[in-house]
Amino acid sequence: MNELNFKQELTAAFGQPIAENPTQVMIEAAYQHHNLDWRYLTVEVGPDDLEAAVKGAKVMGFQGFNCTIPHKVNVIQYLDGLGESASLMGAVNCVVRRNGQWIGENTDGKGFVSSLREITDPKDKKVVIFGAGGAARAISVEVALAGASAISIINRSNERGQELTDLLNDKLPVSANFVPWSSTFSIPESTDIVINATSIGLFPDIDARLDFDLDSLKSSMVVADVIPNPPATNLVRDARNKGCKVIDGLAMLVSQGVIGVKHWTGVDPDPSVMRTALEKVFG
Ligand code: NDP
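1. What to know about the domain arrangement of the chain
On domain assignment, one finds that the chain holds domain 1 (3-105 + 252-282) and domain 2 (109-247). For domain 1 and domain 2, the distance between their C-alpha centres works out to 27 Å. Facing the 11 residues of domain 1 at the interface are 17 residues of domain 2. Overall, the association of domain 1 and domain 2 removes approximately 1200 Å² of surface from exposure, summing both partners, and the carbon and sulfur fraction of that is 71%. Taken as a group, L88, M89 and M252 account for 52% of the area that domain 1 buries against domain 2, more than any other trio of residues on that side. Linking domain 1 with domain 2 are zero salt bridges, by the criterion used here. The interface formed by domain 1 and domain 2 includes four residue pairs in polar contact (both at pLDDT 80 or more). Sorting the residues of the side of domain 1 that touches domain 2 by element identifies α3 (84-89) and α8 (249-265) as the ones contributing at least two each. Along the lines of polarity and charge, the residues of the side of domain 1 that touches domain 2 split into six nonpolar, three polar and two charged.

Conventions used here
- Residues numbered from 1 in each chain as written.
- Predicted model: local features only at pLDDT ≥ 70, side-chain atom pairs only at ≥ 80, totals over all residues.
- Heavy atoms only, no water.
- Domains from an automatic or database assignment.
- Contact = heavy atoms within 4.5 Å.
- Buried area = accessible area lost by both parts, 1.4 Å probe.
- Salt bridge = Lys/Arg side-chain N within 4 Å of Asp/Glu carboxyl O.
- Polar contact = N/O pair within 3.5 Å; in protein donor to acceptor, adjacent residues only side chain to side chain.
- Helix = DSSP H or I, 4+ residues; strand = E, 2+ residues; numbered from the N terminus.
- Nonpolar A, V, L, I, M, F, W, Y, C, P; charged D, E, K, R; others polar.

Dropping the structure here:
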């Protein structure tokens, strides 16, 4: 009879099923499709337990993890190093074990640029970004690293808008300007790419609209929205009606998931499998 060795094992026992997490569904669809015998688990960790959770993930042999708000900045102090863009942004959403060390990456902006590249190369492009929060920061840094010539940050709060604009001008080879969003914004005619990186339009506020002059949106502009739920936001619909090329929030979510899976497993997953899994979650 074989003897089971429990000496060095802890068996995880989650007492209750954790709500279906879209990222989990998407990543596990990729694992299954590529016959990867891996799991992607959703675990809730309170701010006071973050250090213990990061140490625990290491000793339990995790190959990495994603982290979301409110951990994106605080997690950095518990890591062994940072990738270039995570270091510039000061935020991490993806941690990868490399040679036994926890390295923090930021795949939000990289995912965005990867989906943008399917439509247009950001090099030498003029970009308008609504928002100055975490998503806007990640996207603007990556778009600047990809060679955009100019970025306008349009934001409601002056402090955040100016801070992001200063970061871009100080640390990246791009010319950035801040426009306080205190009245209806008119998109300059020379703009190539328009990005919503605010939370406007996110479920349940699906009727919300960005306050800009729709007449200033031209069919030559590429329009992107970070909102994954619902993917067909008012901005996405308006832009499609205008004849613009459009990237929705699901594309960005899939692309950052693709990069995460590649970081952890070394496998380049099929994005269409991941998108299909996400579309099922979001109906
Ligand atoms: P933050 O809270 O850091 O930033 C929110 C931004 O939205 C701020 O610039 C805020 O302006 C602005 N904003 C919110 N409400 C309004 C409003 N009513 N009028 C004007 N401006 C407003 O959030 P994140 O940047 O982390 O996330 C933003 C969105 O991006 C979320 O909806 C999230 O779902 C999405 N996201 C999507 C990803 C994807 O893969 N598709 C990845 C990451 C995020 P102010 O500074 O004035 O408060």
